[in-house]
Amino acid sequence: MVARAQRLAVCLFYLVSGPSLIMLNKHIMQKLDFRYPITLSALGMIAASVVSVGAAKSGAVEVKKECLDMVGTRDWFQTCIPVGLCKAATLTLGTASYLYLNMGFIQMLKSFSPVVVMATAVLFKLDYPRSGVCISVFVICVGTAITTGFDPSMNWQGLLLHIGAATTEAVNLVLTQFLLQNRKFSVVEAQCVLAPPGVLFLMLSAWFWEWPRMYEKSHHLLPLHHPFLFFTASFLGLLINYLTFYVIQATSSLTLKILGMFRNIALIFIGMVTYQELIPGYEAVGFCITVLGFGGYNYYKANPQANLALERRVFGRHSCSEGKDDPV
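Since this is a predicted model, take the numbers as computed values, not measurements. Residues take numbers from 1 onward in each chain, read along the sequence in its written order. Side-chain atom pairs in this predicted model are given and counted only at pLDDT of 80 or more, local residue features only at pLDDT of at least 70, and totals for whole chains, interfaces and linings cover all residues. The side-chain figures draw on all heavy atoms in the structure; neither hydrogens nor water molecules are used.

Undergrad: When you look at the environment of Trp 209 in this model, what are you seeing that I'm missing?
TA: Relative to the assigned elements, Trp 209 resides in helix α9 (residues 187-209). Owing to a relative accessible area of 57%, Trp 209 belongs among the exposed residues under this scheme. For the pair formed by Trp 209 and Ile 38, sequence separation is 171 residues and the distance between their alpha carbons is 8.7 Å. A helix here means a DSSP run of H or I that spans at least four residues, while a strand means a run of E at least two residues long, and both kinds are numbered starting from the N terminus. The classification of residues rests on relative accessible area computed with a 1.4 Å probe and restricted to protein chains. Under 20% of the type maximum is buried, over 50% is exposed, and intermediate values are partly exposed.

Dropping the structure here:
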């Protein structure tokens, strides 16, 4: 009973924290005119890095010696540095896309993520999708094409930013799971080796692209004028960094995907109510088709036997191989 309550609490916090951070970042960038997505993205990563490394160094959390010895080694440069770079790029590009696209529309585009994840897993030879998964991915592609393809006024800069964020997030997920599966790191241990490289890349990028403009406009003083908002953004970023791992540990990666879809749908309605965002009919139809594909994708990933039954029914043959489990 206690374990079930803990799992429920983790899932609820995950559902609430993500939309809260998205809306807060949108408010900071648009209402306060703090249009510096790299710097804003760095807040949560800095908090996660400080907390995880501080907990490990102080002995508050037991960390395997292998984790501490890994920093600076060849394995660290080959795995953690790419993960840090991808994490930094995902946060930056994803946050920047809210400057150009409606919040609800971005949530619709996020339903396309299984396609990018599957392509990345195949590229890394970690997954070999079966017929049911491929059909579901095709349905997702059709739905996404309908959602995005009929608007001549589409902001292509925002769309490209989101596509870049989806791509780097997929690579990040695959590499992170590869690291966790092979090293068997805990949540804190994973943050110890992954968060600092992400912070480094974010800070270097902000120093090059944002900070000169920020100082020129005296916007570096905005955090001093609104400390509560920026502290809350840091805290929520920290919370999300940890909750993503905890949801997978307490439930499964499939649950994480389903929760993410519910969160996206909630944000679409929040955008309509709070920001008066209009959802054209073709976008709604495309999104519904995408949700159907997303449901099929997760169903066939979680039920390999359903793939075999589908192949026997459609192709009239037995499949020659069993395939692999979902990598992310």
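Undergrad: For this particular structure, what's the right way to read the layout of surface pockets?
TA: One simple way to see leftover space: roll a probe sized like a water molecule over the atoms. Its boundaries defined by the atoms lining it, the second largest pocket holds a volume of some 230 Å³. Lining the second largest pocket are 15 residues; nearest its centre among them are Ile 38, Thr 92, Leu 93, Ser 205 and Trp 209. Looking at the lining of the second largest pocket, the elements that each hand over two or more residues are α2 (37-58), α4 (74-97) and α9. Element by element, the count of residues in the lining of the second largest pocket is highest for α4, at 6 residues. Classification convention: Asp, Glu, Lys, Arg as charged; Ala, Val, Leu, Ile, Met, Phe, Trp, Tyr, Cys, Pro as nonpolar; all other residues, Gly among them, as polar. Residue composition of the lining of the second largest pocket, by class: 11 nonpolar, 2 polar and 2 charged. Here a cavity denotes a set of grid points, spaced 1 Å apart and computed over the protein atoms alone, in which a 1.4 Å probe fits but from which it cannot get out, and a pocket denotes an open set meeting protein on both sides within 12 Å along at least five of seven lines; residues with an atom within 4 Å of a point are reported as lining. Grid points are joined across faces, edges and corners, and a volume is the space filled by probe spheres set on the points.

Undergrad: Would you explain the packing of α4 against α9 in this entry?
TA: A pair of packed helices is characterised by two quantities: the angle between their axes and the separation of those axes. Two elements in contact, α4 and α9, have axes whose closest approach is 7 Å; the angle formed by their N-to-C orientations is 55°. With respect to their mutual orientation, α4 and α9 come out oblique. By crossing handedness, the relation of α4 to α9 is classed as right-handed. Residue-level contacts link Trp 76, Cys 80, Ile 81, Val 83, Gly 84, Leu 85, Ala 88, Leu 91 and Thr 92 of α4 to Val 193, Leu 194, Pro 197, Gly 198, Phe 201 and Leu 202 of α9. Class assignment for the residues of the contact of α4 with α9 results in 12 nonpolar, 3 polar and no charged. Angular values range over 0 to 180 degrees, each being the angle between N-to-C directions of two axes fitted as lines to C-alpha atoms, with helices fitted over their stretch in contact. An angle counts as roughly parallel when it lies under 35 degrees, as roughly antiparallel when it exceeds 145, as roughly perpendicular when it falls between 65 and 115, and as oblique in every other case. A crossing counts as left-handed when the near helix is turned anticlockwise from the far one by less than a right angle, and as right-handed when that turn is clockwise. Should any heavy atoms of two residues lie within 4.5 Å, those residues are considered in contact.

Undergrad: Hey, could you run me through the packing of aromatic side chains in this one?
TA: Within a pair of aromatic rings, the relevant descriptors are the distance that separates the centres and the angle that separates the planes. Pairing of aromatic rings covers Phe, Tyr and Trp, the last counted by its six-membered ring, and requires centre-to-centre distances within 6.5 Å; plane angles under 30 degrees mean stacked, over 60 mean edge-to-face, and any other angle means tilted. Evaluation of the coordinates by the stated rule reveals 5 aromatic pairs. Look at Phe 208 and Trp 209: their rings are 5.2 Å apart centre to centre, the planes differ by 85°, and that puts the pair in the edge-to-face class. Per residue, the accessibility class of Phe 208 equals that of Trp 209, and both read exposed. Pairing Tyr 299 with Tyr 300 gives two aromatic rings, centres 5.2 Å apart and planes at 70°, and the pair type is edge-to-face. Looking at Tyr 299, the relative accessible area reads 45%, which means it is partly exposed. Among the aromatic side chains, those forming a connected cluster through ring pairs are Phe 34, Tyr 36 and Phe 230. Here Arg 263 stacks its cationic end above the ring of Tyr 14, 4.6 Å away from the centre of that ring. Charge-over-ring contacts are defined here by two conditions on Lys NZ or Arg CZ: a distance within 6 Å of the ring centre and an angle within 35 degrees of the ring normal.

Undergrad: Hey, could you run me through the packing of α2 against α9 in this one?
TA: The interhelical angle for the contact between α2 and α9, taken along N-to-C directions, is 145°, at an axis separation of 8 Å. Pair α2 / α9 crosses with left-handed handedness. Facing Ile 38, Thr 39, Ser 41, Ala 42, Met 45, Ile 46, Ala 48, Ser 49, Ser 52, Val 53 and Ala 56 of α2, the residues of α9 in contact are Val 188, Gln 191, Cys 192, Ala 195, Pro 196, Gly 198, Val 199, Leu 202, Met 203, Ser 205, Ala 206 and Trp 209. Within the contact of α2 with α9, the residues separate by chemical class into 16 nonpolar, 7 polar and no charged.

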